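# Examining the three-dimensional arrangement
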Amino acid sequence: LNTTKKKGTIISLVSPFVAVVQMNDSGDQLQLDQDDLESVIPAVGKTVTILRGPYRGQLAVIRKVDLDSFSIRLTLLPDQPDAGLELDAVEYDHVSKTASFSSSSPS
């Protein structure tokens, strides 16, 4: 199965290095090693979840992407514990696009 250039959402972790990913195009769920995944940095103004460090789990908005240093500037959202705090030089792999899930219940 070729997943090159395909997009998906991590829905669970099997181990610290393996995730279950739901593919956007087919809905298939695949178990993939971190070496098979590539982070996509959302655009300025988009919401991300902080994955590492003291602000782990908090939501922030991307304010600037620095392609030379592979980092971004963030502002924590108003409803977060450290609301409004500006974070500079956050590495790309320390954040993830915040997934929004729609729930559908069977009729």
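Residues numbered from 1 in each chain as written. Predicted model: local features only at pLDDT ≥ 70, side-chain atom pairs only at ≥ 80, totals over all residues. Heavy atoms only, no water.

In this section: the sheet that holds strand β2 (residues 18-23). Ordered by their spatial adjacency, three strands build an open sheet running β1-β2-β3, and the pairing between neighbours is antiparallel. The sheet is open, and its two borders are formed by β1 (8-15) and β3 (29-33), each paired with just one other strand. For this sheet, the mean inter-axis angle between neighbouring strands, taken without regard to orientation, is 30°. Note that β1 and β2 share six bridges and pair antiparallel. Each residue of the ladder has a partner; that of Ile 10, found in β2, is Val 21. (Pairing = 2+ DSSP bridges. Helix = DSSP H or I, 4+ residues; strand = E, 2+ residues; numbered from the N terminus. Axes fitted to C-alpha atoms, helices over the stretch in contact; angles between N-to-C directions.)

Peptide bonds are mostly trans, and most non-glycine residues show a negative phi. The phi dihedral of Lys 5 falls on the positive side, at around 65°, and the residue is not glycine. Turning to its location among the elements, Lys 5 is positioned in the segment before β1. For Ala 89, which is not glycine, the phi dihedral falls at a positive 55°. A relative accessible area of 58% means that Ala 89 is categorised as exposed. (Buried < 20%, exposed > 50% of the residue type's maximum accessible area, 1.4 Å probe, protein only.)

The subject of this paragraph is the pattern of salt bridges. Pairs can form between side chains of opposite charge once their charged atoms are near each other. All told, the structure shown has three salt bridges when counted by the stated rule. Between Arg 52 and Asp 93 there is a salt bridge whose closest N-O contact spans 3.5 Å. Separated by 41 residues along the polypeptide, Arg 52 in the loop between β4 (47-50) and β5 (59-66) and Asp 93 in the loop between β7 (86-91) and β8 (95-97) bring together distant segments of the chain. Overall, the relative accessible area of 46% leaves Arg 52 in the partly exposed class. Since its relative accessible area comes to 36%, Asp 93 is described here as partly exposed. Two residues, Asp 88 and Arg 73, come together in a salt bridge whose shortest N-O distance is 2.6 Å. Of the two residues, Asp 88 sits in strand β7 while Arg 73 sits in strand β6 (residues 71-76), which places them 15 residues apart along the sequence. By relative accessible area, which is 54% here, Asp 88 ends up exposed. (Salt bridge = Lys/Arg side-chain N within 4 Å of Asp/Glu carboxyl O.)

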